[in-house]
2 protein chains.
Amino acid sequence: MRLAALSAAIVPLASLQAEDGYDLWLRHAPLEGESLARLQAHDGEIVALNPDEPTVALAISELRAGLDGLLGKADRAAQTGSYTAFRFDCDHPAIAPGGAFRITPADRLLSIDAAEPVGCLYASYAILRELGQGADPSTLALDSAPAMPLRMLNHWDNPDGHVERGYAGRSIFDWWHLPERLDQRMIDYARANASVGINGVVVNNVNARAFMLEPRYIAKFARLADAWRPYGIRVYLSARFSAPMDIGGLTTSDPLDPQVAAWWRAKADEIYTAIPDFGGFLVKANSEGQPGPQDYSRTHADGANMLAEGLGDRGTVIWRAFVYSAEDETDRTKQAYAEFVPLDGQFADNVIVQVKNGPLDFQPREPFHPLFGAMPKTKLMFEGQITKEYLGFASHLAYLAPLWKEVLGADTGRGGPVTKSVAQVIAPAGMAGVANTGSDRDWTGSDFDQANWYAFGRLAWNPALSSESIAREWAAQTFTRDPQALGTITAMMQGSREAVVRYMTPLGLAHVMDTGHHYGPGPWVCDLARPDWNPCYYHRADGEGIGFDRTPAGSDALAQYAPDVTAQWADPATVDPRYLLWFHRVRWDRVMPSGRSLWADLVHEYDAGVAAVDALARDWQTLAPHIDAQRHRAVAENLAIQQVEARWWRNASLAYWQSLHGLPLPAGAAPIPESLADYQRRAFPEAPGQ
Amino acid sequence: MRLAALSAAIVPLASLQAEDGYDLWLRHAPLEGESLARLQAHDGEIVALNPDEPTVALAISELRAGLDGLLGKADRAAQTGSYTAFRFDCDHPAIAPGGAFRITPADRLLSIDAAEPVGCLYASYAILRELGQGADPSTLALDSAPAMPLRMLNHWDNPDGHVERGYAGRSIFDWWHLPERLDQRMIDYARANASVGINGVVVNNVNARAFMLEPRYIAKFARLADAWRPYGIRVYLSARFSAPMDIGGLTTSDPLDPQVAAWWRAKADEIYTAIPDFGGFLVKANSEGQPGPQDYSRTHADGANMLAEGLGDRGTVIWRAFVYSAEDETDRTKQAYAEFVPLDGQFADNVIVQVKNGPLDFQPREPFHPLFGAMPKTKLMFEGQITKEYLGFASHLAYLAPLWKEVLGADTGRGGPVTKSVAQVIAPAGMAGVANTGSDRDWTGSDFDQANWYAFGRLAWNPALSSESIAREWAAQTFTRDPQALGTITAMMQGSREAVVRYMTPLGLAHVMDTGHHYGPGPWVCDLARPDWNPCYYHRADGEGIGFDRTPAGSDALAQYAPDVTAQWADPATVDPRYLLWFHRVRWDRVMPSGRSLWADLVHEYDAGVAAVDALARDWQTLAPHIDAQRHRAVAENLAIQQVEARWWRNASLAYWQSLHGLPLPAGAAPIPESLADYQRRAFPEAPGQ
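## Things to note about the interface of chain A and chain B
Then comes step 1: In this assembly, 56 residues from chain A lie in contact with 55 residues from chain B.
Then comes step 2: In this assembly, chain A packs against chain B so that about 5,200 Å² is buried in total across both faces, 58% of it on carbon and sulfur atoms.
Then comes step 3: Here chain A is connected to chain B by six salt bridges.
Then comes step 4: A salt bridge links B:E686 to A:R216; the nearest nitrogen and oxygen atoms lie 3.0 Å apart.

## Some remarks on the sheet that holds strand β13 (residues 379–385) of chain B
Residue and element names in this part refer to chain B.
Then comes step 1: Pairing in this closed barrel of eight strands is parallel, and the strands run β7-β8-β9-β10-β11-β12-β13-β14 around the ring. The mean inter-strand angle of the sheet, taken between neighbouring strand axes irrespective of direction, is 25°.
Then comes step 2: Both strand β8 (residues 200–202) and strand β9 (residues 234–238) contribute to a ladder of three bridges, which runs parallel. Directly across from G200, in β9, lies its bridge partner R234.
Then comes step 3: The strands touched by helix α5 (residues 215–228) within the sheet are β8 and β9, with β9 carrying the most contacts at an inclination of about 150°.

## Topic: the environment of A:S496
Residues and elements named next belong to chain A.
Then comes step 1: Note that S496 resides in helix α14 (residues 483–504).
Then comes step 2: Each C-alpha atom, one on S496 and one on H396, is 8.8 Å from the other, the two residues being 100 residues apart in sequence.
Then comes step 3: Aside from chain neighbours lying at most four places away, what touches S496 is L397, A398, Y399 and L616.

## Notes on the relation of the copies chain A and chain B
Then comes step 1: Its rotation angle being 180°, the transformation that places chain A on chain B also includes 0.0 Å of axial translation and leaves an RMSD of 0.0 Å. Expressed as an axis order, the relation between the two copies is that of a two-fold axis. Minimal C-alpha distance to the rotation axis in chain A is attained by A:R170, lying at 3.0 Å.
Then comes step 2: Comparing interface residues between copies, 98% of those in chain A also lie at the interface in chain B; the contact surface is shared.

## So, the pattern of salt bridges
Then comes step 1: Following the criterion strictly, the structure yields 88 salt bridges over all chains and no others.
Then comes step 2: A salt bridge links B:D269 to B:R314, with the nearest nitrogen and oxygen atoms 2.9 Å apart. A residue pair is termed long-range when its members are at least 10 positions apart, and B:D269 in helix α7 (residues 258–274) and B:R314 in the loop between α8 (300–311) and β11 (316–320) qualify at 45 residues.
Then comes step 3: Overall, the relative accessible area of 33% leaves B:D269 in the partly exposed class.
Then comes step 4: Across the pair B:E406 and B:R365 runs a salt bridge, and its minimum N-O distance is 2.9 Å. In this pair, B:E406 sits in helix α10 (residues 401–408) while B:R365 sits in the loop between β12 (351–356) and β13, placing the two residues 41 residues apart along the sequence.
Then comes step 5: By relative accessible area, B:E406 is classed as buried at 19%.
Then comes step 6: Salt bridges linked by common partners bring A:R365, A:E406, A:R497, A:E498, A:D576 and A:R578 together as one network.

## Regarding the domain arrangement of chain A
Residues and elements named next belong to chain A.
Then comes step 1: Looking at the assigned domains, one finds that chain A contains domain 1 (2–144), domain 2 (150–478) and domain 3 (502–548 + 585–680).
Then comes step 2: Of note, the centres of domain 1 and domain 3, computed from C-alpha atoms alone, are 45 Å apart.
Then comes step 3: The interface of domain 1 with domain 3 comprises seven residues on the first partner and seven residues on the second.
Then comes step 4: For the pair domain 1 and domain 3, the summed buried surface comes to about 500 Å²; carbon and sulfur atoms form 53% of the total.
Then comes step 5: For the interface between domain 1 and domain 3, the tally reads one salt bridge.
Then comes step 6: As a salt-bridge pair, E19 and R631 come within 3.6 Å of each other at their nearest N and O atoms.
Then comes step 7: Where domain 1 meets domain 3, there are one residue pair in polar contact (both at pLDDT 80 or more).

## Brief notes about helix α19 (residues 629–661) of chain B
Then comes step 1: Across its 33 residues, α19(B) extends 48 Å between first and last C-alpha, which sits within 8% of the 48 Å expected from 1.5 Å per residue.
Then comes step 2: Just downstream of α19(B), B:G662 is the residue with a positive phi angle, here 70°.

## Description of the packing of aromatic side chains
Then comes step 1: As enumerated under the stated definition, the model contains 100 aromatic pairs over all chains in all.
Then comes step 2: Considering the side-chain rings of B:F368 and B:Y561, the 5.1 Å spacing of their centres and the 85° angle between planes classify their relative orientation as edge-to-face. With B:F368 in the loop between β12 and β13 and B:Y561 in the loop between β15 (545–546) and α16 (563–569), the pair connects residues that are 193 residues apart, well separated along the chain.
Then comes step 3: On the basis of relative accessible area, B:F368 is assigned to the buried category, the value being 5%.
Then comes step 4: Aromatic rings pair up to connect A:Y22, A:W25, A:F173, A:W175, A:Y189, A:F211, A:Y217, A:F221, A:W228, A:W443, A:W453 and A:Y454 into one cluster.
Then comes step 5: When the ring centre of A:Y22 is taken as origin, the NZ or CZ atom of A:R441, which lies over that ring, is 3.7 Å away.

## Points about α7(B)
Residues and elements named next belong to chain B.
Then comes step 1: Compared with an ideal rise of 1.5 Å per residue, which puts 17 residues at 24 Å, α7 spans 25 Å between its outermost C-alpha atoms and is within 8% of the ideal.
Then comes step 2: Buried within α7 are the following residues: V260, W263, W264, K267, A268, I271 and Y272. Buried residues in α7, looked at end-on, bunch into an arc of 165°, giving them a common side. Of the residues in α7, the exposed ones pointing more than 90 degrees away from the buried face are P258, Q259 and T273.
Then comes step 3: Contact partners of the buried residues in α7: α5, β9, α6 (243–246), β10 (280–283) and α8.
Then comes step 4: The N-terminus of α7 is capped by D257, whose side-chain oxygen sits 2.7 Å from the backbone nitrogen of Q259.

## Focus: the layout of surface pockets
Residues and elements named next belong to chain B.
Then comes step 1: Within this model, the second largest pocket holds a volume of roughly 540 Å³.
Then comes step 2: Together, 29 residues line the second largest pocket, and P149, L150, N199, G232 and R234 are the ones closest to its centre.
Then comes step 3: Of all the secondary-structure elements, those providing two or more residues to the lining of the second largest pocket are α3 (117–132), β7 (150–154) and β9.
Then comes step 4: A per-class count over the lining of the second largest pocket returns twelve nonpolar, nine polar and eight charged.

## With respect to the state of the cysteines
Residue and element names in this part refer to chain A.
Then comes step 1: This model, assessed by the stated rule, comprises four disulfides over all chains.
Then comes step 2: Through a disulfide, C526 is tied to C536; the S-S separation comes to 2.0 Å. Its S-S torsion of about 75° marks the bond between C526 and C536 as right-handed, since a negative value means left-handed. Note that C526 is positioned in the loop between α14 and α15 (535–539) and C536 in helix α15, a separation of ten residues in sequence.
Then comes step 3: Numbered by position along the chain, the disulfide-linked cysteines of chain A connect as 1-2, 3-4.

## Side note on the packing of helix α2 (residues 54–71) of chain B against α3(B)
All names here are of chain B.
Then comes step 1: Between α2 and α3, the least distance of the axes is 8 Å, while the angle of their chain directions is 10°. In terms of orientation, α2 and α3 fall into the roughly parallel class. Counted together, T55, V56, L58, A59, E62, L63, G66, L67 and L70 of α2 and P117, V118, C120, L121, S124, Y125, I127, L128, L131 and G132 of α3 form the full contact between these two elements.
Then comes step 2: Classifying every residue of the contact of α2 with α3 by side-chain character gives 14 nonpolar, four polar and one charged.

## With respect to the sheet that holds strand β13 (residues 379–385) of chain A
All names here are of chain A.
Then comes step 1: Around the barrel, eight strands lie side by side as β7-β8-β9-β10-β11-β12-β13-β14; this closed barrel has parallel pairing. For this sheet, the mean angle separating the axes of adjacent strands, direction not counted, is 25°.
Then comes step 2: Pairing analysis gives five bridges linking β13 to strand β14 (residues 430–434), with the strands arranged parallel. Bridge pairing links G384 to G433 in β14.
Then comes step 3: Each of β8 (200–202) and β9 (234–238) touches helix α5 (residues 215–228); the most contacted strand, β9, lies at about 150° to it.

## A word on the confidence of the model for chain A
Residues and elements named next belong to chain A.
Then comes step 1: For chain A, per-residue confidence averages 95 on the pLDDT scale, and 96% of positions sit at 70 or higher.
Then comes step 2: A low-confidence stretch, residues 1–15 (pLDDT under 50), is modelled with 25 contacts involving residues beyond four sequence positions or located in other chains.
Then comes step 3: This prediction of the complex comes with two scores: 0.94 for pTM and 0.91 for ipTM.

## Quick look at unusual backbone geometry
Then comes step 1: The omega torsion of the bond from A:L178 to A:P179 falls at 5°, within 30 degrees of zero and hence cis.
Then comes step 2: Checked against the element boundaries, A:P179 lands in the loop between β7 (150–154) and α4 (184–195).
Then comes step 3: Positive phi, close to 75°, is recorded for A:W443, a residue that is not glycine.
Then comes step 4: The phi angle at B:L24 is positive, at roughly 55°, despite the residue not being glycine.

## Brief notes about the packing of helix α14 (residues 483–504) of chain B against helix α18 (residues 598–622) of chain B
Residues and elements named next belong to chain B.
Then comes step 1: Where α14 meets α18, the closest approach of the two axes is 8 Å, and the angle between their N-to-C directions is 155°. The angle between the axes of α14 and α18 places the two elements in the roughly antiparallel class. Between α14 and α18 the crossing geometry is left-handed. Two secondary-structure elements touch here, α14 through T488, I489, M492, S496, A499, R502, Y503 and M504 and α18 through H604, E605, Y606, A608, G609, V610, A612, V613, L616, D619, W620 and T622.
Then comes step 2: Taken together, the residues of the contact of α14 with α18 sort by class into twelve nonpolar, five polar and three charged.

Reading the values: the criteria
Residues numbered from 1 in each chain as written. Chains lettered and ligands numbered in written order. Predicted model: local features only at pLDDT ≥ 70, side-chain atom pairs only at ≥ 80, totals over all residues. Heavy atoms only, no water. Contact = heavy atoms within 4.5 Å. Buried area = accessible area lost by both parts, 1.4 Å probe. Salt bridge = Lys/Arg side-chain N within 4 Å of Asp/Glu carboxyl O. Pairing = 2+ DSSP bridges. Helix = DSSP H or I, 4+ residues; strand = E, 2+ residues; numbered from the N terminus. Axes fitted to C-alpha atoms, helices over the stretch in contact; angles between N-to-C directions. Least-squares fit on C-alpha atoms with pLDDT ≥ 70 in both. Buried < 20%, exposed > 50% of the residue type's maximum accessible area, 1.4 Å probe, protein only. Domains from an automatic or database assignment. Polar contact = N/O pair within 3.5 Å; in protein donor to acceptor, adjacent residues only side chain to side chain. Expected span 1.5 Å × (residues − 1). Phe/Tyr/Trp six-rings, centres within 6.5 Å; stacked < 30°, edge-to-face > 60°. Lys NZ or Arg CZ within 6 Å of the ring centre and 35° of its normal. Arc of directions from axis to C-beta. 1 Å grid on protein atoms, 1.4 Å probe; cavity = no way out; pocket = protein on both sides within 12 Å on 5 of 7 lines; lining within 4 Å. Points joined across faces, edges and corners; volume = space filled by probe spheres on them. Nonpolar A, V, L, I, M, F, W, Y, C, P; charged D, E, K, R; others polar. Disulfide = S-S within 2.5 Å. Parallel < 35°, antiparallel > 145°, perpendicular 65-115°, else oblique. pLDDT = per-residue confidence, 0-100. Left-handed = near helix turned anticlockwise from the far one by under 90°.

Here you go:
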């Protein structure tokens, strides 16, 4: 009988123990080497002027816990230096209110000054972010202020736990057990938000249920608001415009009816009694079947202003500009502009109009929305989608900071002699991101999607940050501080969204996803009830060519932009090729700047997208020594899915375009392994997020 | 300027650091004192005959990891003794196959013998269970064998992630990303199951979707089967009987049609190619709208045997006896017996009929199902519900081992001169529990609901274990080893289900829950399409009395039991009061053994249930020093919900009974704070699990 000894698997390094991603970028993994020594030398007491104020207390305890993590203190009671190493003044007259802070290094002391406690809390997270990347505490100087007042998440979460366009499991909000039971996750969620400066949360879907305005739910919101208040986060609600009828017993929701206005004012009073710092209402009205003021021949301004009056100076109405009517036969991308620009100047002071980044619907790439800059007398807010409805759900790696930066940095061509960027247009209001959170242990359905939550918050705080720097600081806190590995991860992230654009919607194509769930390719879909729900409406491909003519010869959507912008995009010969088929209809045989035909260029784009995903998978394999096994495997498996699905996108799309024009694939292009019918037959009735 | 120092909160004891429940009963928290010293003295190498066999390797690594936890080794590479402390022989001829094991202590050596690797794995978990309670390794002797071959979980999980009657979030099965992505949770799930002896899992809802039998899904099941195989867990599928038509292109699903049989045989072959140890099919047929053989005037036996022939000796068909037809006007509780008893002897050898614990539907209390013992020529399996559809969802504390024990221990009055208990009847087959797992971090929606998963496995392994001992061993592994605290927790658990019975369905009442979601009281509901969906059908209350007459004067359901059993329950004067209103209609003014009227007794029961919940909440408060803050708060908040809802049950029920008979509350009874109309008005459209 052979008796062999088997030693249990030995994990080689403590830092590589399995992680499930729950801690997000707030892991505060132990420093090593010189940066550890520097922090050890600096470590000491944390003092504050008003340490018992709840947010100041949090600033201190968060900093202490983070420092202990970075110092690798297993025992949280371990000795720290007995001198003062961090000193908070959270009532400093020289700092602007609104969350700004200043960190000043002196001899073994960091002075942290802010005008308000929340500025101190933001400073604690900023210190940990810098130290977590190896910064030297003895020279750590920061002077930081938010670029815009509202930095918000919008949750498309339903009261039954379903998340519309959610790919990370069920809603994080446990309405069923609130208010009696407060999940620890609600605290950890607030920490994560505060750590990147997010200060407002709309907790329910814009496709809202009226019963969430009933007292039963107000008690639930109040418990959340109490839990989040120390983190500087205000609760907002999506309000269904017909609530006065749905739950109020009225026979109308006409915004000019005094009873309706009185109902909303009473409802606001009721909410403010429970939540003194309630943020306000987000409203999706007269869009995709939602009720709204147009049901009574009133304008969006009539509706918004009536709600705003109910809130008074206590809160804000955020009114979405994502509207398109079933009857309108014109280009769908033109409708928000057409409906809202005439209302400029009519909105109350406490109304913000929330505008999607592009004029269609969160595509992998769109030009910036023409409303930005076109309503100078109205506060406009940016709405981006953190969840990846159109970018491969949670399994495709697509780092979205480059997408948002592309829009935020766009010159609107409007705003005065010195024209304004989108970021400048929205600065008086803010940014809202449609959240990608869910019940999955990693919060976002994949490790890399955490970066999009992080980057959204960081850009809302400071749109001037580069995508690359945000990626690097996120990865250093989330995965590893090894410089070479960090370089690899950052480069992977930076190129990832462009890869998705290339294998899904190259050269300005849009909305060619399959119907309803938006999973996978469906360029052939052309039989839906409304024209503008069909992919064929957007690509307009036939045997001759492809693309949506939005020049004056076509829908003339181009005319909604400022003249300088229009000029950039008007000519198919000179337009940025990334927007070619968005604005122009182009013949398949047109010779492109590359010297190839459009068809050959398109094939090249799909193939480049596929190749980029293959490179992502290869690069990730090289990182195995630097990432714990659980997360390394999880990402690797996602990338394997993405490799398969990028090919699916390429092959199904090409098979369909070929069915229209009959052209052969360019020499050297990989053959298409299945027939168009095979691709068309695929069905995914259980696709998530619908 | 006052500068005050604030030290970060110091967690007093390592063992009380916040826990989120993910580790279930497999925490292996460090031992202390004498038991730690004893284990330290015993610790050493683990050797095995065949250490590379996957399950043996698991037995070793699980034991090693558990020991390291119990020993408090922070560093898993820390020194262990260099002599052999644990020796596995997993091919031992003297042990029975099927998972049995024998553990024999000798001088500083535990010998572990089993006939198969899975026996060794079960032994590892058994050793850790005992050591985790403080057992002395030098005297640890166990000789254990499973009481029944199939110990299964049934998941009512849909492919879209919704869990029917699930109260712990979303499904744990990530079908969307399988087979490419295997969530770590699938491994941790297998560990938890194996640790209590569960060896089969039906991964999809009995209300099955046919597309889950398509190749796309078979690949997903195969990845799970591969992951679970080392843990001794076989995959089973719920099969929709109409699949040959739904996805097979046939025009019939008639079980006697040769094409149908051939389709199922080919489907079985396809599955076995991917999953060589596939367990078989679970079928819900001709029940609540599901298709089945009766659609073709065939019997349940015709349907089951056709499927069984397709599986051949490779697998098992498990056919549910939970049937009741819309047309049948008789007592619903009689129908399973009526349909199945005539088929006794007609089922193939590889068919098992799965019977719910009671004849109705997982009520807080039912008498045992009359089919147990009544089909001596058929293998019968027990089906219990671990998820608490009718027992307060996840927020009410209700430890279910006493419920299952009540049924398992019931004497059927049948089976020969020495009559058989239900446990004896099912011994050749097994037990299935409808799982309570979900995406919540604590798996089951609450900490205490973990105990029901645990207890189900333990009872399936050995129905002779006492509820009390299972509660104690679970609590010691899950919460604390402090003897006094353990005593308190065990007593809380032991009385908890009876408390629910008393405030929901006292004295044999049943199915008085509100419609559809089964949340909260709805005894007044009497307007549903089918009579047997209505609470009023079950309680039959009016101004004169209450209860369902199942004696010969009524539905005579009593006649389905063996004569000795019938005799116990036939007389309202002598029947066990726990079954009084199940079998008898009783006048409100009947004088009960207590000397009170039935009405007064009923009020007394509700009040006793409420008082018991108040006691649970008080007892839990005393445990604060012994439980980490996160879990202590979570349980406390659940108990607060239960206190409110127990009163709601009491008050709404009493208000309704009063509306029928107009009698005053007995002297001293607490008044009913709201009107019946108020209780009837409550609506919960978003209630989970529907």
